[in-house]
Amino acid sequence: MLLFLTFIQTIFHYSFSQTTQNINVLLINEENNALAEKSFEVAKEYVSRNPSLGLAVDPIIVVGNRTDAKAFLENVCRKYTDMVSGKKPPHVVLDFTTTGVGSETIKSFTLALGLPTISGSFGQEDDLRHWQGLNMNQERYLLQVMPPADLLPELIRAIIIKQDITNAAVLFDDYFVMNHKYKSLLLNMPIRHLITPVKSFSEEDIKTQLQTLRELGITNFFVIGSLRTIDNVLNAANEKEYFGRKTAWFALTLDKGDIICQCNATIVLMQPTPDDSSKDRLEKLKTTYNMYGEPEIISAFYFDLSLRTFLAIKSLLDSGMWPKSMKYIGCDDFDGKNTPTRMIDLKTAFKEIKEPSSYAPIFIPNKGSMNGRSYVEFTTNLSAVTIQDGVLIGTKSLGKWKSGFSNDLNLTNVDMTNYSAPLVYKIVTVLKPPFVIKDEEAPKGFKGYCIDMIDEISQILKFDYEITVSPDGEYGYINKHGNWNGIIKELIEKRADIGLAAMAVMAERDEVVDFTVPYYDLVGITILMKVPRKSTSLFKFLTVLEDDVWLSILTAYFFISFLMWVFEKWSPYSYRNNREVYKDDDEKREFTLMECLRFCMTSLTHQGGGVTPKNLSGRLLAATWWLFGFTIVSSYSANLAAFLSVSRMDSPIESLDDLSKQYKIKYGPINNSTTMFYFKRMADIESKFYEIWEEMSLNDSLSDVERAKLDVWEYPVSTKYTKMWEAMTEAGMPKTEEEAIARVEASKSSREGFAWITDASDVRYLVMKNCDLQKVGNEFSKKPYAIAVQNGSPLKDQFDRVIIKLSNDRILEALKEKWWNDNPEAAQCEKEDDSTYGISIQNIGGVFIVTFVAISLACITVGLEHWWHIFRKRHAVTSVSQIQPETKTSKLLLFTKESDINISRSNLET
């Protein structure tokens, strides 16, 4: 019986020794990743202490610096060469590098030499640069499984989607590699976010970092790292008083344990937990194999990755799927073209291993490459941790999350909105009255049409907002290098959620951001000019002749009148000196000095001067005066008509074409404005058309018939915009709106000055406020105004619905009425009379004034005449009654005088 047992034992031992596989492993690790190497040693010990696995692992370990790729590669090549030359070439390379040039160098090394590799490095498929574009065979033996630290940040994305968070800061420490997640983590999500490492363990440095984030309007903070890092950040936040209703804090860690911070806050804590089916195995590995490395999920990951690799190689060897003769080339032998062809299906063998996991199962996709798509499917617990005075006073379970790229939160009937900051959108704007006006007394510091509109939208969609002006005050333009500025840049770089301004929808802008439906009518470009103020004067009829001419006329008038009086006085043939001769004439007129003045005055009128002097000399003088008067009156009449009509004959600027065809009025838009780019592009297009036409005309390959079709006397395409662009450049474009308005107001007339070409909305508002400005011409190049949001933002659809509703409810129409027609800043301008078809009273009213003055003088004169007549009559009666008769002589004299008085009175009465 004893002999039989000995025989059975010998057979069993012989059988076992036949199935044991010796596996040569080249383990490549990097500094600061000792936990991975320790887990590898545990896996090696596990194999050696479990002979039923039939494995014997012979490793060669290389540790290098991730930043010194050259030295790292030299060390790896040396170890690899030693293995090949020692007849122990590696069956597999275990790559425990995490990231950086060192990790990429190792992948390049294994790819070039065709070495079967299992990698535990960070990165999704597109992040593994040297393993991109692998062929089908290479995808079977160059494999990568993402570590848990590469999956946990995906939970941030799930929370942001669930909570509809609009801003976030992600702070991480050295436990996590986030370089490749700066773009991919929150890709195509409408959220302003920053992903930044915790700068140091110094509380002062962290406080400065948090203050910077708060100044950027960040209210949701995600801290991902060790519990030590989380505690430091929370303590710094407590010092800055950043806990409260306006902020939310989320902590993600791979460590076990509780948060210990000197703060009063509620934090959402997220920690992975092993699957129920793996807990016993994990505890056994700790107690039996001393696998106490922390975080335990990382220890378990590297243990499972190592053990699974060993078993996969053994499976290939046992099944005969491993090539019987493997060709290995050295590092120095590689010439870029001699990579060995491997027919090793390590991927299938790795996937089919049934060994239970020590923490959570590894997910491997059924189809396609597993690189960047394989990971540990661990579960993460979410809980709300309440801390008061540094003491944990309560923990509330919120739910779970299964690791993955698109997995949602599994909440336990909890409203997570209580654990996130209020919904606050960051709005960036550009000041442009009346759309957006700075007002320190307004609730948000701004007022205007757009502000009233966003208030209406926020009430319907239940959100709050913070609004700031664009850093450079621009709407957003792209330069020749493809870089944007203004509002568009803020949206692209996710520093703002909404672009709210009088911003036109343009094709290039629509490529990088999303626009809502238009909230305002189509707005084009038009011209702002100064209102031509026609000079008016009540005595404008006197300005027809210059002052020296009027003085000369007056001098001639008085001189001729004086000469006529002299001729009347001294001529022997005048009426004055020949009364007897002319006593029977019906027309008798003695030309006294007053009569001469009256004659010369009336001779200039249609009434004529009346009876002419009797003497020949006087008549010659009168004829001379008539000739002079006829010439003066005719010249005056002609010039007066022309003078009053010249302003009506002035043809004003009425369109862009009129502006382009003249040169006295300078014109242009604001430099670097939308209008400027419009004219520049139109000029460039005309230039390109000319080049095309010129190339066609000078093309030697054209036949005579084809060339005849192009034979024209002049260039067939307009060059209007080219000429206008040259004129604008020469005139100098204003740098600011204030400068443009000042140049327009400084214009001297409608034929000399400056015309500002800009948005019609600007022109309408300025004309509404300033009576000296006017809108000229029709609008052209019309574009709608709309709200801009980040590309792919759900706000677009939400805002579209609300804007359409506001339009249908005529609320937008009411806002237009409020900010334009009923604007308290609107100037009350006098309507200018249209004097196109007649002479205005302002120019001819002086004639009526002169007539009124003359009538007034006549009335005063008649009053004086009446008074003088009464005065003389009373004086005469009083004089007679005071005489005392003393002598006969005196009585006789008195009688005589009284008789004369009576006779005079009788004559008067007659």
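Conventions and cut-offs
- Residues numbered from 1 in each chain as written.
- Predicted model: local features only at pLDDT ≥ 70, side-chain atom pairs only at ≥ 80, totals over all residues.
- Heavy atoms only, no water.
- Helix = DSSP H or I, 4+ residues; strand = E, 2+ residues; numbered from the N terminus.
- Buried < 20%, exposed > 50% of the residue type's maximum accessible area, 1.4 Å probe, protein only.
- Contact = heavy atoms within 4.5 Å.
- Areas by Shrake-Rupley, 256 points an atom, 1.4 Å probe, with all protein chains shown as cover.
- Polar contact = N/O pair within 3.5 Å; in protein donor to acceptor, adjacent residues only side chain to side chain.
- Pairing = 2+ DSSP bridges.
- Axes fitted to C-alpha atoms, helices over the stretch in contact; angles between N-to-C directions.
- Parallel < 35°, antiparallel > 145°, perpendicular 65-115°, else oblique.
- Left-handed = near helix turned anticlockwise from the far one by under 90°.
- Nonpolar A, V, L, I, M, F, W, Y, C, P; charged D, E, K, R; others polar.
- Phe/Tyr/Trp six-rings, centres within 6.5 Å; stacked < 30°, edge-to-face > 60°.
- Lys NZ or Arg CZ within 6 Å of the ring centre and 35° of its normal.
- Patch = residues over 30% accessible without salt bridge, like charges linked within 9 Å, V, L, I, M, F, W, Y side chains within 5 Å.
- Salt bridge = Lys/Arg side-chain N within 4 Å of Asp/Glu carboxyl O.
- pLDDT = per-residue confidence, 0-100.
- Right-handed = clockwise from strand over helix to strand, strands pointing away.
- Core = buried A, V, L, I, M, F, W, Y, C linked by side-chain atoms within 4.5 Å.

1. A few points about the overall build of the protein chain
Along the protein chain, the regular secondary structure elements total 29 helices and 26 strands. Counting over 910 residues, the protein chain shows a buried share of 45%. Across the protein chain, the fraction of contacts at a sequence separation of at least 24, relative to all contacts at a separation of at least 6, is 73%. About 48,700 Å² of surface is accessible on the protein chain, with carbon and sulfur atoms providing 54% of the total.

2. Some words on the side chain of Arg-192
Here Arg-192 shows up in strand β7 (residues 192–197). There is a polar contact of 3.4 Å between the side chain of Arg-192 and the backbone oxygen of Leu-216.

3. Some words on the sheet that holds strand β5 (residues 142–144)
Taken in spatial order, the 5 strands make up an open sheet running β2-β1-β3-β4-β5, and their pairing is parallel. The open sheet terminates on both sides in strands that have one partner only, identified here as β2 (55–64) and β5. Between one strand axis and the next, the sheet turns by 20° as a mean value, whatever way the strands run. Strand direction decides the pairing type here: strand β3 (residues 92–95) and strand β4 (residues 117–119), joined by 3 bridges, are parallel. From the neighbouring strand, Leu-94 faces β4, where its bridge partner is Ile-118. Contacts from helix α2 (residues 34–48) reach β1 (21–30), β2 and β3 within the one sheet, and its direction differs from that of β2 by about 170°. Across the sheet, helix α12 (residues 296–319) lies against β1, β2, β3 and β4, angled at about 145° from β1, the strand it touches most.

4. Let's talk about the sheet that holds strand β14 (residues 391–402)
Remark on secondary structure: sheet strands pair via backbone hydrogen bonds, oriented parallel or antiparallel. Reading across from one edge, β7-β6-β8-β9-β10-β13-β14-β15 is the order of the 8 strands in this open sheet, with mixed pairing throughout. What marks the edges here is a single partner per strand, and that holds for β7 and β15 (410–411). As paired strands, strand β6 (residues 167–172) and β7 are joined by 6 bridges and run parallel to one another. Opposite Leu-171, over in β7, you have Thr-196 as the bridge partner. Across the sheet, helix α10 (residues 227–239) touches β8 (220–224), β9 (248–252) and β10 (265–273), and the angle it forms with β9 is around 165°.

5. As for unusual backbone geometry
Here the amide bond leading from Glu-294 into Pro-295 is cis, since omega sits at 0°, within 30 degrees of zero. Following the sequence through the fold, Pro-295 ends up in the loop between α11 (276–289) and α12. Looking along the chain, the bond that leaves Pro-433 and enters Pro-434 is cis, with omega of -5°. Note that Pro-434 resides in the loop between β16 (424–429) and β17 (437–438). Its identity as a non-glycine residue notwithstanding, Asn-290 has a phi of 60°, on the positive side. Although it is not a glycine, Lys-462 sits at a positive phi angle of roughly 60°.

6. Let's talk about the packing of helix α21 (residues 674–697) against helix α23 (residues 720–731)
Where α21 meets α23, the axes come as close as 8 Å, and the angle between the chain directions of the two elements is 130°. Considering their axes alone, α21 and α23 lie oblique with respect to each other. For the pair α21 and α23, the sense of crossing is left-handed. Between α21 and α23, the residues in contact are Met-676, Tyr-678, Phe-679, Lys-680, Met-682, Ala-683 and Glu-686 and Lys-720, Tyr-721, Thr-722, Met-724, Trp-725 and Met-728, respectively. Of the residues assigned to the contact of α21 with α23, the class counts are 9 nonpolar, 1 polar and 3 charged.

7. Thoughts on the packing of aromatic side chains
Summed over all chains, the structure comprises 38 aromatic pairs. Centroid distance Phe-435 to Tyr-449: 5.8 Å. Interplanar angle 75°. Geometry classified as edge-to-face. Taken together, the positions of Phe-435 in the loop between β16 and β17 and Tyr-449 in helix α14 (residues 449–461) put the pair 14 residues apart, joining distant regions of the chain. Look at Phe-435 and you get buried, because its relative accessible area is 0%. Given a relative accessible area of 0%, Tyr-449 falls into the buried group. Both rings, one in Tyr-477 and one in Phe-677, keep their centres 4.9 Å apart while their planes meet at 35°; by these two values the pair is tilted. On the criterion of sequence distance, the pair formed by Tyr-477 in the loop between β19 (464–469) and α15 (486–492) and Phe-677 in helix α21 is long-range, its members being 200 residues apart. Tyr-477 sits in the buried class, given a relative accessible area of 9%. The class for Phe-677 is buried, based on a relative accessible area of 18%. Taken together through their ring pairs, the aromatic side chains of Phe-435, Tyr-449, Tyr-519, Tyr-520, Tyr-785 and Trp-820 make up a single cluster. Above the ring of Trp-131, the side-chain terminus of Lys-107 is found at 5.6 Å from the ring centroid.

8. Some thoughts on the side chain of Gln-21
Relative to the assigned elements, Gln-21 resides in strand β1. Judged by relative accessible area, which is 18%, Gln-21 ranks as buried. In contact with Gln-21, other than residues within four places in its own chain, are Gly-54, Leu-55, Ala-56, Lys-314, Leu-317 and Asp-318.

9. Here we look at a nonpolar patch on the surface
On the surface, a nonpolar cluster with roughly 580 Å² of combined accessible area is contributed by Ile-849, Phe-852, Val-853, Leu-857, Ile-860 and Leu-864. The residue Leu-864 is located in helix α28 (residues 841–881) in this model.

10. Topic: the confidence of the model for the protein chain
Mean pLDDT over the protein chain stands at 85; residues scoring 70 or higher make up 89%. Per-residue pLDDT stays below 50 along residues 1–18; that stretch engages in 3 contacts with residues further than four places along the chain or on separate chains. Counted against residues more than four places away or in other chains, residues 885–910, with its pLDDT under 50, gives 5 contacts.

11. Some words on the pairing of β3
Side chains of β3 alternate between two faces, with Val-92 and Leu-94 and Val-93 and Asp-95 buried alike. With 4 bridges connecting them, β1 and β3 associate as parallel partners. Bridged to Ile-28 within β3 is Asp-95. You can see the chain leave β3, run along helix α4 (residues 100–113) and come back into β4, and the turn it takes is right-handed.

12. Observations concerning the nonpolar core
Leu-155, Ile-160, Phe-222, Phe-310, Leu-346 and Phe-350 are the most contacted members of the largest nonpolar core, which has 111 residues in total. Of the residues forming this core, the biggest block, 13 residues, is contributed by α12. Look past the residues within four positions of Phe-350 in its chain and what remains in contact with it is Ile-118, Leu-143, Val-145, Leu-305, Arg-308, Thr-309, Ala-312, Ile-364 and Met-370. Counting residues in each nonpolar core, the second largest holds 75 residues, with Val-436, Ile-467, Leu-500 and Phe-799 among its members.

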